[in-house]
Structures are given as C-alpha cells and as structure tokens.
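Understanding the architecture of this molecule
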Amino acid sequence: MTMTSTAPLTAAQPAAGKPYDPRYDPLVAPDPGTGRAYAPSYWVASAGTPPEDDGPVLRDIDVDVAIIGSGSTGMAAALYLAQEHGIQATVLEANQASWGCSSRSGGQGQNASGRLKRSQWIERWGPDVAKRLDAEIRRGFENFRQLTTQIDCDAHDGGHLYLAHRPEKLAGLEAEARLMREQFGYRTRMLSAEEVRRDYCDERETAGAMFEPEGVGIHPLKFTFGLMRKARALGVKVHTASPVQGWHTVEGVHHLRTPGGTVRARRVAVCTGGYTGQALNPLLKNRVMPILSNSVVTRPLTEAELRATNFKSLTFLTDTRTLRFYYRLLKGNRLQLGSRSSVSGADAEDPAHLKLLTDAIARKFPPLAGIRIDYSWWGWVDVSHDMMPRITQPDAAKKIWYAVGYGGNGVSFSTWAGKRLAERLAGKDGGHEVFELPIYRSPLPFPNVLGLVESPAFAPFRRLGQRVLYKWYWLRDEK
Ligand SMILES: Cc1cc2nc3c(=O)[nH]c(=O)nc-3n(C[C@H](O)[C@H](O)[C@H](O)COP(=O)(O)OP(=O)(O)OC[C@H]3O[C@@H](n4cnc5c(N)ncnc54)[C@H](O)[C@@H]3O)c2cc1C
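Residues numbered from 1 in each chain as written. Predicted model: local features only at pLDDT ≥ 70, side-chain atom pairs only at ≥ 80, totals over all residues. Heavy atoms only, no water.

Per the secondary structure count, the protein chain includes 11 helices and 20 strands. Taking 23 Å as the expected radius of gyration for a compact globule of 479 residues, we find that the protein chain reaches 21 Å, a close match to that expectation. Looking at the protein chain as a whole, 61% of its 479 residues qualify as buried. When contacts within the protein chain are restricted to residue pairs at least 6 apart in sequence, long-range pairs at least 24 apart make up 77% of them. Split by element, the accessible area of the protein chain, about 18,700 Å² in all, is 53% carbon and sulfur. Of the side-chain charges in the protein chain, 61 are positive and 50 negative, and the distance between the mean point of each set is 1 Å. (Helix = DSSP H or I, 4+ residues; strand = E, 2+ residues; numbered from the N terminus. Rg over C-alpha atoms; globule rule 2.2 N^0.38 Å. Buried < 20%, exposed > 50% of the residue type's maximum accessible area, 1.4 Å probe, protein only. Contact = heavy atoms within 4.5 Å. Areas by Shrake-Rupley, 256 points an atom, 1.4 Å probe, with all protein chains shown as cover. Lys, Arg positive; Asp, Glu negative; His and termini not counted. Charge placed at Lys NZ, Arg CZ, Asp CG, Glu CD.)

Right, let's talk about the nonpolar core for a bit. Core analysis: the largest hydrophobic core is formed by 79 residues, its most contacted members being Ile67, Phe413, Leu421 and Tyr440. In this structure, Tyr440 is in contact with Glu136, Ile391, Thr392, Phe413, Trp416, Arg420, Arg424, Val434 and Phe435, ignoring residues within four places of it in sequence. Ranked by size, the runner-up nonpolar core spans 25 residues in total, among them Tyr200, Cys201, Ala209 and Leu329. (Core = buried A, V, L, I, M, F, W, Y, C linked by side-chain atoms within 4.5 Å.)

The next subject is the site of the ligand. Neighbouring the ligand are 36 residues; Thr73, Glu93, Ser102, Gly106 and Val411 lie closest to it. In this structure, Glu93 approaches the ligand through a side-chain N or O atom, which is 2.7 Å from an oxygen atom. For the ligand, the protein covers 98% of the area, taking 1,000 Å² as the surface of the free molecule. Where the shell around the ligand is concerned, the elements lending two or more residues are α2 (72–85) and β16 (373–384). Here the shell around the ligand gets three residues from one element, more than from any other, and that element is β16. Along the lines of polarity and charge, the residues of the shell around the ligand split into 16 nonpolar, 18 polar and two charged. (Near = heavy atom within 4 Å. Polar contact = N/O pair within 3.5 Å; in protein donor to acceptor, adjacent residues only side chain to side chain. Nonpolar A, V, L, I, M, F, W, Y, C, P; charged D, E, K, R; others polar.)

Moving on to the packing of aromatic side chains. Per the counting criterion, the structure on display carries 13 aromatic pairs. Ring centres 6.0 Å apart and planes at 35° place the aromatic pair Tyr200 and Phe211 in the tilted group. Of this pair, Tyr200 sits in the loop between α5 (193–199) and β6 (208–212) while Phe211 sits in strand β6, and the two are 11 residues apart along the sequence. Side by side, Tyr200 and Phe211 carry an identical accessibility label, which is buried. (Phe/Tyr/Trp six-rings, centres within 6.5 Å; stacked < 30°, edge-to-face > 60°.)

For the protein chain, the average pLDDT comes to 94, and 97% of its residues sit at 70 or higher. Counted against residues more than four places away or in other chains, residues 1–8, with its pLDDT under 50, gives 21 contacts. (pLDDT = per-residue confidence, 0-100.)

So, on to the side chain of Glu136. Residue placement: Glu136 occurs in helix α3 (residues 118–150). Separated by 2.7 Å, the side chains of Glu136 and Trp416 make a polar contact. Within the structure, the side chain of Glu136 is placed 2.5 Å from the side chain of Tyr440, a separation counted as a polar contact. Leaving out residues up to four positions away in the same chain, Glu136 has contacts with Trp416, Arg420, Val434, Leu437 and Tyr440.

Once that is clear, we can look at the environment of Lys285. Relative to the elements of secondary structure, Lys285 occurs in the loop between β11 (261–270) and β12 (288–300). We classify Lys285 as partly exposed; its relative accessible area is 41%. Here the alpha-carbon distance between Lys285 and Pro456, two residues 171 residues apart in the chain, equals 8.5 Å.

Right, here's the structure in full:
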C-alpha cells in the first residue's frame, strides 16, 4: 500500500494490534477480521485520540439490543436509541471503532441517499412518492447539518458543485437543476466554467457545473467519534475486536458468537455497510454489492500552488463521470480526491488504481501534476442492487433490522438512517406513513439483469459484470 506521510499527525492507531489487511474483500472473507488496525487514511492520522471503548467481549453476555458495526449508522442508531427511547444498546465492532467506511470516506455530506438522482426517483416511483422521499432525505440532511454544528468535525457548510467533465454533460445537469428548483423548491443553479474557475477553483476539465447549496463537507472520523462519545455518555457499550462470527437463534433470542464470548440479544440491528460478510446472516446474503472506492490526500499545497489553482473555497466537488471523481481542498490546504477503480480486494494494491487518481489530479489541476501523495487508501462502499438503501425489518417474524445500501451517499444519510432504525427497533414505526416510503418498505433486492429479473443466482457473476461495465463506462466517459 502506498502511504508516505512525511508530516506525521496524531495517529489514532492502537499501539498494538493486528495489521491492516489491504487485500480484505467482503465477498471472499467471512468477516472483516478481529482487532485489525485502521486503513492508513488521512482521517485516521488526523482524528486525534479515539474515544474510549469497552474492549472486546470477554464472556457470554445478555443484552436487549445488539448493533453490529460501529460506523456512523451503528453509532447514530445507538445514540438515538439511548437519547430518544431510553434503550442502551451494545455495539459489536470487528476491528476498531468506526473502522469501515466511516474512517475512509470522502466526507461529502450530500442531500442524497443511494445512487439515484431525484429525476430518477420520479421515473421509478412517480412525482408523489418522489416528493415525499425528498422531504424525508432533506429532513435527514438538515439533521446531519445540525449535528455537524455540535460535533467538532471540521465541517464546511458550502454546498456541492457537480461539474460537467465535458460539454455534452451540461444539458443533463441543466435539466436536473431545473427539476430541483421547479419540482422540489431548491435553489439549485448552473454556473459557467468561468464562474467555477473564478469563484471556486481553476478545475481545468470543467465545462460548467450545477451548484447545490445543500452540502456539508466533514472530517468523517471526527464526526463518527463524536457520535460515539455522545452515545457512550448515555450508557451505550461499544465492544471492539468483537466480530460476529456465528449467529443462531434459540426461542427468539439471537446468539451472536464473537471470539471472546456469545452475545445473546433480543433484538439485532445490522449496520455493517459494505463490510457485510456473505455468511453473517441469510437475510443479507447476496443483497449488498461491495464496491471499492480509492482515495488519496496530497501534501499541503503551497501558497504558490493555491494561487496557481485558484482555490477559493472548501466546497466539495464531484464530476459527471459514471465512476465519478470526488474531491475538495481540505482544511490545512491538502487536496483530497477519490474514485472507483479496483474491482476485487486482491487487485486493490495494483499501482494502476493510484495512477488513475494522480492522473486525475494532473488533468484537473495541472499545477499540481506529480504532487506528493501523503495518504492513499481504499474502502468498500455498500451498493444495493436497485441503487437505493433499505432501513427495514426484512422478516416480520425475526427481530432483526438493517440499514444498508447507501451506494456511496451515506455520510449524511447514515445518521438519519440510524435515527429511523432506532424508531423501528423501539417499535415506534407503526402507523407512521413515512415508513411506507420505498427505502423503508421492502428488503434489499437480489442482483438483477437490466432491472427485469431478480435472483440470487446472478450473484456469482456480479464481479464479471462489474469489470465489463467499468470498461464500458470508461469508453463512454473518456472517448
Ligand atoms: C473511500 C470511500 C469514500 C466515500 N465517500 C463518501 C462521500 O464522500 N460521501 C458519502 O456520502 N459517502 C461516502 N462513502 C460512504 C460512507 O462512508 C458510508 O456510507 C458511511 O460512512 C456509513 O457507513 P456505515 O456506518 O453504514 O458503515 P461502515 O462505516 O463501513 O461501518 C460498518 C462496520 O461494520 C463492521 N463489521 C462488519 N462486519 C462485522 C461483523 N461480522 N461483526 C462486527 N462488526 C462488523 C466493520 O468493521 C465496520 O466498521 C464513502 C465510502 C468509501 C469507502
């Protein structure tokens, strides 16, 4: 793994522990390991001392609610269960606190959930459902925005720039901006390439951009640690180095086997995101597609480089490639940039994936060509097979709930998903019409072919299909 930090920051790594495994792959390994070190992300290096946790499970214990996974979903669910329902959950984490996506993301808190745009919501469900879904996601975003003012997480409330990476992409952005204004009442607007270059940064690929005022960029690990501190102050237990490696149910009680003891729980919430192992529970098998996202952070830009790239803002950016680049200037003047490239864990260390990102920096910001990369890492994004998340109890006969499938748009929405999940676990979801929305109503679907036939039989071919699609996306976006 490439990770050459010449400017050591306060490391959140534990003094001792099992090394990070860069080749870990959720479709291959049964679980994410036990007590492994964090990915070498910039966030881990700069988050400061992690909150105290309750160490590994060391004996058999009985709990009311067990939450599997300590990312922002699991920690938000635990926080809201304690804060709003008086239930102190026990969180089980395989490795370190917030070890998965929540210590690796781009930190772009968008007014979104899942991979679909609002125009696609209308196509799929019609305008009425789309409007109700918008109200829900918007509420979640406002709640997230509020939390970022309470937690010290380097929040920058500067909106989101969606950059057309070639002129042909402008018409689509213009149509989406119009729909955002006219159907949903947002103040979304278009900017010319000159306005982007003058007011935000001299991004050389852009042909113009859609600007959404809703968008808060955060330090994702400081944020999730903040959720965890709040939750623990209310009596939540967080057991690290405690992967759930076996699960059976006896007379309605879930027996979750961890290396140090079995946790017997009456209710279980699964918040394992892209790190959901195939063997964790049959209710989740083949329902989450883990997709790798690679990210880099450069050394701090010099004053001359800041002038040459005309960075005027910390507003975060994404571009219109199908495998989009996401990037922003961070507090402290480092550039962060990420995209999707590698398909399997075995292939993740191939230098071609790092090169994809450094080439993008050189193309988008020529004065930064060849700039030293201080941090390089990757993580598994949880993509659902219909591109939208689910926060649901998939089988009414079993006291198991999950919140997964954000498709790379979970920084903001995960906290709201955690809040809704807490309501469901507490039995407060009955008769509330918001739970009729598609993201709450049905289980995660199996893989499908062209959205027509859905079946677990397609699961073994997903990676093959992904490799073909990546080639096709590249041709379509670059040629
Ligand atoms: C590189 C990258 C960039 C991203 N950028 C963005 C972005 O800019 N904006 C955005 O909105 N979203 C982004 N995302 C997605 C976002 O980070 C997540 O949606 C969000 O953090 C919510 O994560 P989570 O809590 O659901 O899961 P995670 O944070 O992944 O937490 C799941 C946890 O479950 C644990 N676990 C798994 N199996 C077990 C088990 N058997 N027993 C115990 N514990 C287990 C894992 O160890 C892990 O810590 C990005 C993701 C990646 C990887």
